[in-house]
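Observations on the three-dimensional arrangement
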Amino acid sequence: MAFVITQACCSDATCAAVCPADCIHPTPDDPNFLHAEMLYIDPARCIDCAACVEVCPVDAIHSEDELPLDLKGYASINHDYFTGAPPPPVAQPKSTRTVTTDRLAVAVVGAGPSGFYAAAALLDAGPNVTVSLIDRLPTPFGLVRAGVAPDHQDTKGVTRGFAMTVAHPRVNTFLNVEVGTEVSPADLLAHHHAVVYAVGAAAGRRPGIPGDDLPGSFSAAEVVGWYNGHPEYADVAVPLNHPTAVVVGNGNVALDVVRVLLRGQRMDHTDIADHALEALSDSEIREVIVLGRRGPEHAAFSFSQLLALDHLAGVDVVVHSPDLDDASPAPELHHASEYAAKQKLALLAEMASRTPRHDRRIHLRFATAVHGIVGVDAVQGVHVSSAGTEPSVIETGIVVSCVGFDGRPVTGVAFDPAATRIPSRGGRVVDPQGQPVTGQYVTGWIKRGPSGVIGTNKACAEETVDALLDDHRHGLLPEPSQPTAAFANHLEHRSVNRIDRRGWLRIDDHELRQGRSTGRTRRKLVDLGHMTALAGTTPVPAPAVRSTNLKENP
Ligand SMILES: Cc1cc2nc3c(=O)[nH]c(=O)nc-3n(C[C@H](O)[C@H](O)[C@H](O)COP(=O)(O)OP(=O)(O)OC[C@H]3O[C@@H](n4cnc5c(N)ncnc54)[C@H](O)[C@@H]3O)c2cc1C
Ligand code: SF4
Ligand code: SF4
């Protein structure tokens, strides 16, 4: 018997750090790490001590004997990674962060994964380091709450560790506070030695083709935000009354959208938004066509996402790719990416040979160019062509473009509009001349762009915090002109409705109780007025009339 890493792995490498047998790979000091879709356990070396299970934040590690049915395949996936793998690099001594005993007050803007990893690294750096954790929404956790699909509840378990950071005595939480509009970067620096921007890159990108502004055409951010109950997208009207839906792009977000559109009504035990659950239960969608621009050897989804499609009950995956037999993984420099690509091609080839049996289908089309979205007052079709075929129109009532995400500028902070990121070097924000801006740092998607899973943000945040601590040690961070403790008063004087940790816990407790009483993980609140009222920052408003008729339990 050995232990096995499975689908929910978010690559934060916590397990590798505690494994006494050095059998979890690739480790962060291995060049394969950044190219790996997940980590793997070498069954030949695992000594079954279960130390990794204890620390995994998303419950991704199981004993081989106790693998749930839909995860059984992961035993060989772990095993096979080590076949032909290059010898792992000699373990490097762990980087030691500068430990400081000086007072250091840091504002972390953005309470998503990268903000939490930055906060944790800062708290580790010394007993007099304090963190003001700020987010524009009334609830923390960024895309873990508003992006990760409802059927990935294990992945959302990473928030248990983040919640411990919120509870840390040296963390002060400021939710419902938007930096750049309600409080300026200069205000933050007046009360803190430094500011770490971890604001993410969650604005949906459009393909920029004719018709992509028609009603019925959405960016991934809109549809994902809608089914995940992001307050900004709760009122999006998603038409589900056509038997065919089209998804443009074939990355992991695209496959999340596919699962929800086809099987969202079965997610009634999860934290899917009430309004989405209700709409999906009347959905007429029977097939989703996924359009990939390049061939199957370049499919952007991960192997584990493809495997998850294969386990959708009552749904066939139909692979359209005439040249699949000849496809071979693009030459890869790294064993980890080559391994994942080979697995994907093998499964795609096997899927292509099957005869469909169900009336619900996912069509994976490759090497298909999308020329435009057609329709008069709303989406009616998508104009496409594939190599060697005549251009055609796929009839549909909804198109979801999963072609990437962009960062949004924060007023008062440098921004690169072409890359839609905050420009930086080694975690330090730089001005248009490339010079570091005193006291400003950046991490996560707004630093690297929208790629990488939750755990990828850990090393990214640690690099940023190392730079910050180094600058502090060299006296480059001036004392703030105002006491840090006065920051809360400053917000109050500006009539900013800040929600603190206790306020958030009231929202959290309400959502969990509502969920428990209906057999669900949680029932999310999506109305900002209701949330701030529950948190105790504003009077309770009259109940808002919402598009859902699901009743709140008393
Ligand atoms: C649809 C989707 C599904 C995903 N699924 C998975 C998955 O299953 N597993 C996995 O490992 N990874 C997944 N990821 C990737 C993962 O979510 C990201 O790696 C991670 O969330 C990036 O973290 P971040 O902190 O940089 O940004 P975010 O998570 O976006 O957090 C940024 C935070 O900053 C706040 N903010 C923004 N602007 C301001 C401002 N001006 N003032 C104050 N606060 C502000 C936002 O409200 C937000 O809370 C998914 C991503 C997407 C888009
Ligand atoms: S069970 Fe123990 S030896 Fe096996 S992978 Fe986990 S930590 Fe390593
Ligand atoms: S999520 Fe982290 S701790 Fe869990 S298996 Fe993946 S790398 Fe290991």
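What counts, and at which threshold
- Residues numbered from 1 in each chain as written.
- Chains lettered and ligands numbered in written order.
- Predicted model: local features only at pLDDT ≥ 70, side-chain atom pairs only at ≥ 80, totals over all residues.
- Heavy atoms only, no water.
- UniProt positions renumbered as here; feature names shortened; annotations may be inferred.
- pLDDT = per-residue confidence, 0-100.
- Contact = heavy atoms within 4.5 Å.
- Pairing = 2+ DSSP bridges.
- Helix = DSSP H or I, 4+ residues; strand = E, 2+ residues; numbered from the N terminus.
- Axes fitted to C-alpha atoms, helices over the stretch in contact; angles between N-to-C directions.
- Near = heavy atom within 4 Å.
- Nonpolar A, V, L, I, M, F, W, Y, C, P; charged D, E, K, R; others polar.
- Polar contact = N/O pair within 3.5 Å; in protein donor to acceptor, adjacent residues only side chain to side chain.
- Areas by Shrake-Rupley, 256 points an atom, 1.4 Å probe, with all protein chains shown as cover.
- Domains from an automatic or database assignment.

For the chain, an unreviewed UniProt entry supplies the name Ferredoxin and the organism Mycolicibacterium hodleri. UniProt lists a comment for the chain under the heading Cofactor (unreviewed entry), and it reads "FAD".

**A word on the confidence of the model for the chain**
Per-residue pLDDT for the chain averages 92, and the proportion of residues at 70 or more is 94%. The model gives residues 540-554 a pLDDT under 50, and that stretch makes 27 contacts with residues more than four places away or in other chains.

**Focus: the sheet that holds strand 7 (residues 171-175)**
The 7 strands lie next to each other as 7-6-5-8-22-21-20, forming an open sheet whose pairing is mixed. The sheet is open, and its two borders are formed by strand 7 and strand 20 (424-425), each paired with just one other strand. Bridging between strand 5 (residues 104-109) and strand 6 (residues 129-135) involves 6 bridges; their strand directions are parallel. Counted as the bridge partner of V108 is L133 from strand 6. Contacting strand 5, strand 6, strand 7 and strand 8 (194-197), helix 4 (residues 113-124) crosses the sheet at an angle of about 170 degrees to strand 6. Relative to the sheet, helix 15 (residues 456-473) contacts strand 5, strand 8, strand 21 (428-430) and strand 22 (436-442), its axis offset from that of strand 22 by approximately 150 degrees.

**Concerning the site of ligand 2**
Near ligand 2 you find 14 residues, and of these C19, C46, C49, A50 and C52 are the closest. Here the residues of the shell around ligand 2 sort into 13 nonpolar, no polar and 1 charged.

**Things to note about the site of ligand 1**
Around ligand 1, a shell composed of 32 residues is seen, among which S114, D135, L143, W445 and I454 lie nearest. Between ligand 1 and D135 there is a distance of 2.5 Å, counted from an oxygen atom to a side-chain nitrogen or oxygen. A total of 1000 Å² of accessible area belongs to ligand 1 in isolation, and the protein chains cover 91% of it. Elements that contribute at least two residues to the shell around ligand 1 include exactly helix 4, helix 5 (142-146) and helix 10 (252-263). Among the residues making up the shell around ligand 1, the classes are represented as 17 nonpolar, 11 polar and 4 charged. Domain assignment of the residues forming the shell around ligand 1 places at least three in each of domain 2 (104-202 + 407-493) and domain 3 (209-329 + 340-402).

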